[in-house]
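Structural overview
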Number of protein chains: 2
Amino acid sequence: MAMSAEQESADQEPAGRDLDEPGTGGAGGRVTVTAMPARRTPRGTLSRQVLLDSAREIVDIGGVNALSMRALGARLGVDPTAIYRHFQNKNELLDALADQMIRGEEPLPATGDPAADLRDSLRQLRRQLLRYPTLAPSVLRQPPGTGSWWDRMEHAVGALRATGRSAAEAAAAWQTLLFFVVGHSLVEARHLAENLAADRVGAPMPTVNPSRSRYPELAAVAPYLHADLDDQFEAGLDRLLGA
Amino acid sequence: MAMSAEQESADQEPAGRDLDEPGTGGAGGRVTVTAMPARRTPRGTLSRQVLLDSAREIVDIGGVNALSMRALGARLGVDPTAIYRHFQNKNELLDALADQMIRGEEPLPATGDPAADLRDSLRQLRRQLLRYPTLAPSVLRQPPGTGSWWDRMEHAVGALRATGRSAAEAAAAWQTLLFFVVGHSLVEARHLAENLAADRVGAPMPTVNPSRSRYPELAAVAPYLHADLDDQFEAGLDRLLGA
DNA sequence: ACCTGAACACCGTTCAAGT
DNA sequence: ACCTGAACACCGTTCAAGT
């Protein structure tokens with residue numbers, strides 16, 4: 001990741017960062033990631049990679065809403081419209097960002113134990129989404145079966161077949177697993193993003209505490225709901241892979 | 001629902017509606033949902049319900065990006081800032097919209113066959129998300145265990161227990177099922193939204209056709225991947241509920 | 001070839017003013 | 001009590017111009 005250390009100079013604003021999709025006007029919580037030494041990037045050094053790295057830093061510090069063409073330009077000491085030499089528009093930039101998030105930086109696990117490798121690769125994907133909580137919903141930009149998904153899919157399907165599953169079984173298992181991991185991670189990511197925005201970190205998911213009269217079933221089951229999200233995730237994998 | 005029929009007067013613009021999160025400037029594809037008879041809403045008739053209904057119409061016609069405070073005001077013949085009497089801000093409006101999407105309009109199935117009712121309720125949830133493809137990601141605004149989820153959860157957990165599962169089993173099964181349904185539906189919804197934006201409807205998901213040399217596992221498994229998303233969804237439920 | 005600057009058509013939100 | 005209008009501080013993107 002290599003995030004610049006200078007991020008915490010804007011400590012004056014008490015509120016956290018923006019969480020929600022649209023522009024979010026003047027009210028509290030705007031963090032201007034832009035404010036930087038703003039070393040003017042010399043001509044010819046702008047490139048997709050340079051832009052993507054800066055964009056990821058902005059997202060890391062201020063969330064995806066802090067990422068505007070203007071903020072990105074400012075961070076690099078460059079006119080915002082210069083970005084359009086390298087990306088057709090902001091959507092293309094977000095696509096590329098999503099692709100990098102899916103790919104990640106760690107190699108896919110290859111210990112020789114296919115069952116363990118499969119689980120690890122799914123944990124890896126989850127970790128990757130939780131690392132950029134506000135960017136996580138952008139995974140949906142890359143439909144499974146395109147871009148960075150291919151390598152993950154090849155790896156997972158290979159592992160499934162290596163555990164003795166037929167091609168048909170492996171195909172079906174992969175599709176179900178993937179949707180579970182995506183669903184789980186997106187719900188978690190949203191929760192994480194909300195906590196980051198409110199500057200409380202590590203808050204647990206709201207405990208289900210239903211009124212026994214209105215929600216008798218829920219009340220009966222509440223003690224068994226996994227409070228810990230790691231446990232919940234692993235239990236889901238157990239269920240889908242056959243513990 | 002009850003969407004006004006007058007939507008297709010803005011037929012001049014060839015391109016579809018906006019898909020992507022941010023404002024999306026001048027380029028093709030902007031549909032102004034605003035253009036309406038703009039009957040001036042008389043004083044005192046503005047309410048949360050009126051605003052939500054109009055907002056849903058805008059989302060239905062132009063996608064979630066067409067929903068701006070200004071557009072909503074214009075649709076009702078009202079100053080945009082009047083909305084702030086009824087919702088603190090746009091996020092609160094989107095929360096309420098998400099809540100209505102999760103709740104839906106059909107009652108939860110209650111045929112007496114708990115296994116069938118459970119599956120039906122999950123299909124219902126999926127349908128509800130696919131009905132507003134661009135709004136679908138907003139389900140993440142309501143974390144499971146809040147708002148409209150409670151009734152769905154009560155219903156599902158009740159059904160699971162009625163099929164003989166223990167409380168612990170029912171809790172674990174529900175959590176896994178929910179994440180699968182959410183993941184599946186969000187991926188589908190994105191695909192749907194993209195097709196609507198491009199004015200091609202009913203296009204299938206991109207077929208996985210990997211090069212046999214780079215992706216041998218994928219190639220072996222490709223024929224078994226469900227091309228049809230309904231089948232894929234049902235297969236996932238089979239897997240999670242024990243066919 | 002690559003970047004700049006001004007401009008266009010939008011945003012969400014606040015606040016003083018009107019009825 | 002409820003709505004309006006002007007204003008503020010933003011957006012993404014285009015296009016002619018500069019170096």
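Above this text you will find the structure in question.
The structure reproduced in this document is the subject of the present report. (Residues numbered from 1 in each chain as written. Chains lettered and ligands numbered in written order. Predicted model: local features only at pLDDT ≥ 70, side-chain atom pairs only at ≥ 80, totals over all residues. Heavy atoms only, no water.)

1. Quick notes on the side chain of Gln 128 of chain B
This is how the line gets drawn: Secondary structure counts use DSSP, requiring at least four H or I residues in a row for a helix and at least two E residues in a row for a strand, with both numbered from the N terminus. Residue contacts are defined here by distance: any two heavy atoms, one from each residue, within 4.5 Å place the two residues in contact.
If you trace the backbone, Gln 128 of chain B turns up in helix H4 (residues 114-131). Ignoring sequence-local partners within four residues, the contact set of Gln 128 of chain B consists of Gln 100, Met 101 and Gly 104 of chain B.

2. Points about the relation of the copies chain B and chain A
Here is the rule we go by: The superposition of copies rests on a least-squares fit of C-alpha positions from residues with pLDDT of 70 or more in both.
Turning chain B through 180 degrees and shifting it by 0.0 Å along the axis lays it on chain A, with an RMSD of 0.0 Å. What the rotation and shift describe, once combined, is the action of a two-fold rotation axis. In this assembly, 98% of the residues forming the interface of chain B have copies in chain A that are likewise at the interface, indicating an isologous arrangement.

3. Comments concerning the packing of H4 of chain B against helix H8 (residues 229-241) of chain B
The geometry of a pair of packed helices is captured by two quantities: the angle between their axes and the separation between those axes. Residues and elements named next belong to chain B. Defined as follows: To get an axis, a line is fitted to the C-alpha atoms, and for a helix only the part in contact is used. The angle between two axes follows their N-to-C directions and goes from 0 to 180 degrees. When describing relative orientation, an angle under 35 degrees is termed roughly parallel and one over 145 degrees roughly antiparallel, while 65 to 115 degrees is termed roughly perpendicular and anything else oblique. Definitions for this section: a left-handed crossing has its near helix turned counterclockwise from the far helix by less than a right angle. A right-handed crossing has that turn clockwise. Classes in brief: Ala, Val, Leu, Ile, Met, Phe, Trp, Tyr, Cys and Pro nonpolar; Asp, Glu, Lys and Arg charged; the others, Gly included, polar.
One can describe the packing of H4 onto H8 by two numbers: an axis separation of 12 Å at closest approach and a directional angle of 140 degrees. With respect to H8, the axis of H4 lies oblique. Pair H4 / H8 crosses with right-handed handedness. Facing Leu 118, Arg 119, Leu 122, Arg 123 and Arg 126 of H4, the residues of H8 in contact are Leu 229, Asp 230, Phe 233, Glu 234, Leu 237, Asp 238 and Leu 241. Of the residues belonging to the contact of H4 with H8, the class tally is 6 nonpolar, no polar and 6 charged.

4. Remarks on the pattern of salt bridges
Rules: By definition, a salt bridge exists where a carboxyl oxygen of Asp or Glu is found within 4 Å of a side-chain nitrogen of Lys or Arg. With a 1.4 Å probe rolled over the protein chains alone, any residue whose accessible area is under 20% of its type maximum counts as buried; one over 50% counts as exposed, and the rest are partly exposed.
Under the defined criterion, the tally for this structure stands at 32 salt bridges over all chains. The salt bridge involving Arg 75 of chain A is made with Glu 57 of chain A; its shortest N-O contact spans 2.8 Å. Placement of the pair is Arg 75 of chain A in helix H2 (residues 69-75) and Glu 57 of chain A in helix H1 (residues 48-62), with a sequence separation of 18 residues. By relative accessible area, which is 17% here, Glu 57 of chain A ends up buried. Across the pair Glu 106 of chain B and Arg 127 of chain B runs a salt bridge whose closest N-O atoms are separated by 3.2 Å. Taken together, the residues span a long stretch of sequence, with Glu 106 of chain B in the loop between helix H3 (90-103) and H4 and Arg 127 of chain B in helix H4 at a distance of 21 residues. Under the relative-accessibility criterion, Glu 106 of chain B is labelled partly exposed at 37%. For Arg 127 of chain B, a relative accessible area of 43% corresponds to the partly exposed category.

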